[in-house]
Amino acid sequence: MSKNLHSTMDPTKMGIGRSIAVLTSGGDAQGMNAAVRATVRVGLYTGAKVYFVHEGYQGLVDGGDNIRPATWESVSMMLQLGGTVIGSARCKDFRSREGRMTAACNLVKLGITNLCVIGGDGSLTGANEFRTEWSGLLADLLKAGKITDEEAKKSSHLNIVGMVGSIDNDFCGTDMTIGTDSALHRIIEVVDAITTTAQSHQRTFILEVMGRHCGYLALVTALACGADWVFIPEMPPDEDWENHLCRRLTDQRARGSRLNVIIVAEGAISRDGKAITSDQIKKLVTDRLGFDTRATVLGHVQRGGTPSAFDRILGSRMGVEAVMALLEATPETPACVVSLSGNQAVRLPLMECVQVTKDVTAAMAEGRFEDAIKLRGKSFENNWNTYKLLAHINPPDVKSNINVAIMNIGAPCAGMNAAVRSAVRMGIIQGHTMLAVYDGFDGLANGQIEPITWTSVSGWTGKGGSMLGTKRTLPSKMLEEISQNIAKFNIHALVIIGGFEAYVGGLELVQAREKYEEMCIPMVVIPATVSNNVPGSDFSIGADTALNTITSTCDRIKQSAAGTKRRVFIVETMGGYCGYLATMAGLAAGADAAYIFEEKFNIKDLEVNVEHLLEKMKTTVKRGLILRNESCNSNYTTDFIFSLYSEEGKGVFDCRKNVLGHMQQGGTPTPFDRNFGTKMGAKSVLWLTEKLKECYRHGRIFANTPDSACVLGMRKRALTFQPLAELKADTDFEHRIPKTQWWLKIRPIMKILAKYKIKLDTSEHTDMEHVIKKRSPLGK
């Protein structure tokens, strides 16, 4: 697909005269409805006819009422529902050629030549097989007189695009499959609940999570709750694991821990391929150690419930990309799957992904476990390496004589404590002495500094807010006192976890290096703020938790207008001048508009939005949702917008307003924020350890190069370190935001899904990429 192929084409006319069918197949997953909704609405936006196929492939074979036209309104209020509204079924009929022939006949009769399949690798492989034999099926149908020559000509080619819906995250080529994040939410809710009861009784808890062939859920759960041990199919434990496990649990108790948590994937195996079950582990712990032990099998709870904000956004973005991929496909284009890499939607050849997924299974069967981990992809490998470092290494006997201080700056946010915990533990593993600085730069200036130990951070991953205490004060007025305390406490490196103030504070310390030699130490800033406005990172710790809080609140608010009430809700979100929360929550909650500072708006825009809502009230969808970022405009305040809408909507709809306030900062961190914080904390200390070696001169540490003070950020597809000073050029200091923000590009999706007649920019194309097959170590 060339970059400029469609840059001149009007996207609202791309689908004219074409038909698209969407089906969900295999096991259900939360977020499938978001993908169906986006596929339907974007399909209609392009001028195509869109059909629902009910009950998966079974509906395709049975035809009739199972294949129905979809309308704009028929996908309303679907976003917040779990499972799949259009149904899914295991289908024997479709596995036979006879069944596929009937399915082909049903599609030809309706003129459908574009199929969007949302399911696991089995469902997608089936779709590809269907596409490959399409011309043969048509020939047989013609011969049997079931279709005419003209019908066969019109439907000569079938396009297939897949989206992966699977809570196991077992499909290679994508970082996250639809449903995985929501499943983690369910698991973590249970872990948090179990932890409180286990601590009361000094218990050992064994939790079995789904994942017959893939340990992703188990692995991320273990990271997110700081488990003592995890069993996954990709990497069975070493031969003598029983003794090793008992030793670990005993050590943890000796350190003062009141509970032990062991996570088991349902497909966990030993080195010789035998299953390792939760009952087997329970018996081992009870018989050998006499610990009070309980086992819980989570089962289908993990599939249920409302989808997380991440899954709704993922499903929506994938749905848009899938429609574009279908309409741009030529007979030569291989069937593709739309997936996520970092924060980018990418297209990958379907069968390459299926092949790599099969390669993982083969690697496990042949005992090549290192290869299995690698084939799962970078994200899986990083999780495994972080888990190994944090869980499987005992602190060394030899100390490094290095003191690393750690602090929180700015407003508190969920996930800060997870970052502190992993940084502290990683530092101790490296042999360093870790120092906690309380109350931010104030604490650094006042000497509120004390050693922090392995056990003092246990249980921190699930705690919201900031255990170290945090303040917004910047260091510029206290540089003298700060430099004295860096010398007094012999601090050799600094980890600063926080929002925009953490970035600016770090810069001030770097600028003070000319005057104060004590500041010449390596420093790293880890972005942690609900606003997601730190330069150098696409994501900040805490933003995901805030987004989920806003989204679930909007769900409840919208529900209050269920029935026949014509009502418009105006909801104010946090974020300072950064419109990330308003935009992403708008996409996740199905808002009609989201006003933000970065995208200027005037009275005419407000008028267009009101007219849009007046039109909407004539349909069966009698509710509207408007989000407004708190600092988007000093004159068009939430009160002003509320008054304007109330006046203009008189007699048609009434208005309600909600200012969400500080509830957005609070609550327990989401699995994403726990995991992200854990990885960032660990990575920052490993980087500081390397920097300290580089900066060691004549018996002392001296760091004054720009690359010795960095922001650790997520950039597109990787965690990268960027010098604080270099990021100044990309920073709007007055409004406390980066000058370039990736998520602005996905704002049009929200407007299209809300039925605005706007132009979707199709000039920036997602080319078909190839799955990098790491074949060399496999000897293939």
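Because the structure is a prediction, the values reported are computed rather than measured.

**Student:** Is there a simple way to explain the packing of helix H11 (residues 309-328) against helix H20 (residues 580-589) in this structure?
**Tutor:** Any two packed helices are characterised by the angle at which their axes cross and by the distance between the axes. One can describe the packing of H11 onto H20 by two numbers: an axis separation of 8 Å at closest approach and a directional angle of 80 degrees. Taken together, H11 and H20 sit at an angle that is classed as roughly perpendicular. On the side of H11, the interface is formed by Ala 309, Arg 312, Ile 313 and Ser 316, while H20 contributes Met 584, Leu 587, Ala 588 and Ala 589. Grouping the constituent residues of the contact of H11 with H20 by class yields six nonpolar, one polar and one charged.

**Student:** How should the pattern of salt bridges be read in this particular structure?
**Tutor:** Oppositely charged side chains can form a pair if their charged atoms are brought close together. Per the stated rule, a full pass over the model turns up 39 salt bridges. The shortest N-O distance in the salt bridge between Glu 133 and Arg 100 comes to 2.3 Å. You can see Glu 133 sitting in the loop between helix H4 (121-132) and helix H5 (134-143) and its partner Arg 100 sitting in helix H3 (residues 97-110), a full 33 residues away along the chain. Comparing Glu 133 with Arg 100 shows no difference in burial state: the two are buried.

**Student:** Explanation requested: the environment of Val 437 in the structure shown.
**Tutor:** With respect to the helices, strands and loops of the structure, Val 437 is situated in strand S13 (residues 433-437). Taking the C-alpha atoms as reference points, Val 437 and Thr 470, 33 residues apart in sequence, are found 9.5 Å from one another. Those residues in contact with Val 437, other than ones at most four positions away along the chain, are Ala 405, Ile 406, Met 407, Gly 443, Leu 444, Gln 448, Ile 449 and Leu 468.

**Student:** Is there a simple way to explain the sheet that holds strand S6 (residues 204-209) in this structure?
**Tutor:** What holds strands together in a sheet is hydrogen bonding between their backbones, with the strands either parallel or antiparallel. Judged by pairing direction, the sheet is parallel, and its four strands sit side by side in the order S7-S8-S6-S9 without closing on themselves. A single partner strand is all that each edge strand has here, and the edge strands are strand S7 (229-231) and strand S9 (293-297). Here the average twist between neighbouring strands, direction ignored, is 15 degrees. Of the strand pairs in this sheet, S7 and strand S8 (residues 260-265) are connected by three bridges, and their pairing is parallel. Each bridged residue has a counterpart across the sheet, and for Val 230 the counterpart in S8 is Ile 263. Helix-sheet contacts for helix H7 (residues 180-201) involve S6 and S9, and the interaxial angle to S6 is about 165 degrees.

**Student:** Sorry, what's going on with the packing of aromatic side chains here?
**Tutor:** Two measures describe an aromatic ring pair: the distance that separates the ring centres and the angle between the ring planes. For the coordinates displayed, the defined rule picks out 21 aromatic pairs. Each ring, one from Phe 94 and one from Phe 130, has its centre 5.2 Å from the other, and the planes form 70 degrees; the classification is edge-to-face. You can see Phe 94 sitting in the loop between strand S3 (67-69) and H3 and its partner Phe 130 sitting in helix H4, a full 36 residues away along the chain. For the pair shown, Phe 94 and Phe 130 are each scored as buried.

**Student:** Help me out: how do you make sense of unusual backbone geometry in this one?
**Tutor:** Of note, Asn 532 is a non-glycine position whose phi angle comes to about 55 degrees, a positive value. Relative to the assigned elements, Asn 532 resides in the loop between strand S17 (523-527) and helix H19 (543-559). You can call Asn 532 buried: its relative accessible area is 3%. Positive phi, close to 75 degrees, is recorded for Lys 755, a residue that is not glycine. By secondary structure assignment, the location of Lys 755 is in the segment after helix H24 (747-753).

**Student:** Before we go on, may I ask you to explain the pairing of strand S2 (residues 49-53) in this structure?
**Tutor:** Sheet faces and side chains relate simply in a regular strand, where the side chains alternate between the two faces. S2 sits mainly inside the fold: four of its five residues count as buried. With five bridges joining them, strand S1 (residues 19-24) and S2 adopt parallel strand pairing. In the strand pairing of S2, Val 22 is matched with Phe 52. At this point the chain moves from S1, through helix H1 (residues 32-45), to the parallel S2, and the crossover so formed is right-handed. Here S2 pairs with S3 via three bridges, running antiparallel. The residue bridging Phe 52 from the neighbouring strand is Arg 68, located in S3.

**Student:** What is the right way to read the packing of H3 against H5 from this model?
**Tutor:** At their nearest, the axes of H3 and H5 sit 10 Å apart, and the two run at 80 degrees to each other. The angle between the axes of H3 and H5 places the two elements in the roughly perpendicular class. Mapping the contact onto sequence places Arg 97, Arg 100, Met 101, Ala 104, Cys 105, Leu 107 and Val 108 in H3 and Trp 134, Gly 136, Leu 137, Leu 138, Asp 140 and Leu 141 in H5. Classifying every residue of the contact of H3 with H5 by side-chain character gives nine nonpolar, one polar and three charged.

Basis of the calculations
Residues numbered from 1 in each chain as written. Predicted model: local features only at pLDDT ≥ 70, side-chain atom pairs only at ≥ 80, totals over all residues. Heavy atoms only, no water. Axes fitted to C-alpha atoms, helices over the stretch in contact; angles between N-to-C directions. Helix = DSSP H or I, 4+ residues; strand = E, 2+ residues; numbered from the N terminus. Parallel < 35°, antiparallel > 145°, perpendicular 65-115°, else oblique. Contact = heavy atoms within 4.5 Å. Nonpolar A, V, L, I, M, F, W, Y, C, P; charged D, E, K, R; others polar. Salt bridge = Lys/Arg side-chain N within 4 Å of Asp/Glu carboxyl O. Buried < 20%, exposed > 50% of the residue type's maximum accessible area, 1.4 Å probe, protein only. Pairing = 2+ DSSP bridges. Phe/Tyr/Trp six-rings, centres within 6.5 Å; stacked < 30°, edge-to-face > 60°. Right-handed = clockwise from strand over helix to strand, strands pointing away.

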